[in-house]
Amino acid sequence: LTLTGTPEALQAPRLIPMPNLPKLPTLAELETSSYSDSFDAEIVFLPRENGKGYLFALTLIPQPDLNLPKLTQHITFLIDRSNSIQQGRLSAAKSAIHKALEECSADGTFNIIAFDSKIEKMSPHYLPCQGKSYAIAEEFLEKIQLGSFFSTSDLYKPLFLTVPSSVDAEAIHTAILLTDGEALAKKNAPKSIVRDWTDYNGGVVSLFTISMSDTHIATLDAVSALNKGKVIHAPTQRGLKRKLLKLMKTIQSPIAKNLSCHAISLSPQAKIQIYPKSSQMPHLYLDQPYVILGETETLDDFFLFIQGRLKGRWLNVKKNVSFLNARKGNRSLRQEIALHQAYHLYEQYGKDDNPKHLAEAKSLLEPYNVQMAL
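**Student:** Is there a simple way to explain the overall build of the protein chain in this structure?
**Tutor:** Assigned secondary structure in the protein chain consists of 8 helices and 17 strands. If one aligns the C-alpha atoms of the protein chain with their principal axes, the spans along those axes are about 115 × 55 × 40 Å. Counting only carbon and sulfur atoms, one obtains 53% of the accessible surface of the protein chain, whose full area is about 19600 Å².

Structure follows, in structure tokens:
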């Protein structure tokens, strides 16, 4: 009604012109796929020993029906043939690699490097995982002989050769080192391998080490962990083959690389620290659980965001993590967190040579009788 009481047709409101807003791209347009529902999450936690905050381990378990294309994997086997290895262990290492080649993916490639004070490569380039290449590998392995009594080995040079000049976006590079660790007895050798090779590698090559003795295993563990891999202790000849084959089965199907992880607490007061840091996070392998360690000031829920490079697109995983049904962890959780904190301190020491970093690492590891890497 108008003020005079006569009806008047309702007028549509005048439209206000809107600016041309950009259209937000979809996940498909960004070549990004969400796989949040493809992983279950299990969490264990413990209060810090000083009573301030908590430690936790979150395990992402892939669903059985998760099926993603594999990234191409280029594997380099490194055989330490220095005299300290002794003939029995060298023969066991050669036999283990011969058997391990059967687990290489058909679309992957491989190479073999034997070293002491000198270095020999099976091939100047990677060979495809197929019958003809295996024959070449068998002949090369057969010719590898133990070094002379005075021969020593240098881990930096053979590891240097594993780092490619360029990396395919849909490929990963893996080095599997079989050694007794005696090469690290030289002065400054541990620092060189932990600091210098890690810096040079820049996370390009994942390093897995089969340690054939107890010698310098802490250093081998640190350099492997800082380069997206791990150390595997195999002091017996029989165990060497078994553990190498188990490793090959574990890593034979890489599906995502360049992983990064971020946690955001629902409590503004809570601060969450994640281990390892993004540049050191291992690749994601099909059918294998993925463990992320962390520290939190409170037991409030938090969101975990994981991103990585799949074949042809990006992977995104978002999990809402709650401690309501979390299980209580044990001493091994404390030790794993302490190790990762020590790895970070080794890195700091490599940058500034401040001995305080090593003193702090020592105090972290002493309760677990873990040797220092440096």
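**Student:** What's the story with the pattern of salt bridges in this structure? I'm lost.
**Tutor:** Note on pairing: side chains with opposite charge can pair once their charged atoms come close. One pass over the structure, following the stated rule, counts 10 salt bridges. For Glu-295, the salt bridge is made with Arg-48, and the minimal N-O distance between the two is 3.1 Å. Of the two residues, Glu-295 is situated in strand E14 (residues 290–296) and Arg-48 in the loop between strand E2 (39–47) and strand E3 (54–62); the sequence distance between them amounts to 247 residues. Take Glu-295: its relative accessible area is 9%, and that puts it in the buried class. With its nearest N and O atoms 2.2 Å apart, the salt bridge here joins Asp-353 to Lys-191. In this pair, Asp-353 sits in the loop between helix H7 (331–352) and helix H8 (355–365) while Lys-191 sits in helix H4 (residues 189–201), placing the two residues 162 residues apart along the sequence. Salt bridges sharing common partners tie together Arg-81, Asp-116 and Glu-120.

**Student:** For this particular structure, what's the right way to read the side chain of Glu-347?
**Tutor:** Within the element layout of this structure, Glu-347 appears in helix H7. At 2.9 Å, the side chain of Glu-347 forms a polar contact with the side chain of Gln-280. Discounting residues that sit within four places of it in the chain, Glu-347 has contacts with Leu-226, Lys-277 and Gln-280.

**Student:** Would you mind showing me how to read the environment of Asp-168 here?
**Tutor:** Along the polypeptide, Asp-168 turns up in the loop between helix H3 (156–160) and strand E8 (171–179). For the pair Asp-168 and Ile-43, spaced 125 residues apart in the sequence, the C-alpha separation amounts to 35 Å.

**Student:** What should I look at first to understand the layout of surface pockets in this one?
**Tutor:** To find leftover empty space, one rolls a probe the size of a water molecule over the atoms. In this structure, the largest pocket encloses a volume near 1100 Å³. Mapped by element, the contributors of at least two residues to the lining of the largest pocket are E2, E3, helix H5 (217–225), strand E10 (231–233), helix H6 (237–251), E14 and H7. Classifying every residue of the lining of the largest pocket by side-chain character gives 21 nonpolar, 10 polar and 8 charged. In this structure, the second largest pocket occupies an estimated 440 Å³ of space. Lining the second largest pocket are 25 residues, with Gln-273, Ile-274, Tyr-275, Glu-295 and Gln-341 positioned closest to its centre. Within the residue set of the lining of the second largest pocket, elements represented by two or more residues are strand E11 (254–265), strand E12 (272–275), E14, H7 and H8. The element best represented in the lining of the second largest pocket is H7, accounting for 6 residues. Of the residues assigned to the lining of the second largest pocket, the class counts are 10 nonpolar, 8 polar and 7 charged.

**Student:** Looking at this model, I keep getting lost on the pairing of strand E5 (residues 109–115). Mind explaining?
**Tutor:** If a strand is regular, its side chains alternate between the two faces of the sheet. Buried residues dominate E5, accounting for 7 of its 7 residues. Alternating residues of E5 divide into Thr-109, Asn-111, Ile-113 and Phe-115 and Phe-110, Ile-112 and Ala-114, and every residue in both groups is buried. What joins strand E4 (residues 72–80) to E5 is helix H1 (residues 87–100), and the crossover it makes is right-handed. Pairing analysis gives 2 bridges linking E5 to strand E7 (residues 127–128), with the strands arranged antiparallel. Residue Phe-110 lies in a different strand from E7, and its bridge partner there is Leu-127. Pairing between E5 and strand E6 (residues 119–121): 3 bridges, direction antiparallel. When the bridges of E6 are listed, Ile-113 appears paired with Lys-121.

The rules we used
- Residues numbered from 1 in each chain as written.
- Predicted model: local features only at pLDDT ≥ 70, side-chain atom pairs only at ≥ 80, totals over all residues.
- Heavy atoms only, no water.
- Helix = DSSP H or I, 4+ residues; strand = E, 2+ residues; numbered from the N terminus.
- Areas by Shrake-Rupley, 256 points an atom, 1.4 Å probe, with all protein chains shown as cover.
- Salt bridge = Lys/Arg side-chain N within 4 Å of Asp/Glu carboxyl O.
- Buried < 20%, exposed > 50% of the residue type's maximum accessible area, 1.4 Å probe, protein only.
- Polar contact = N/O pair within 3.5 Å; in protein donor to acceptor, adjacent residues only side chain to side chain.
- Contact = heavy atoms within 4.5 Å.
- 1 Å grid on protein atoms, 1.4 Å probe; cavity = no way out; pocket = protein on both sides within 12 Å on 5 of 7 lines; lining within 4 Å.
- Points joined across faces, edges and corners; volume = space filled by probe spheres on them.
- Nonpolar A, V, L, I, M, F, W, Y, C, P; charged D, E, K, R; others polar.
- Right-handed = clockwise from strand over helix to strand, strands pointing away.
- Pairing = 2+ DSSP bridges.

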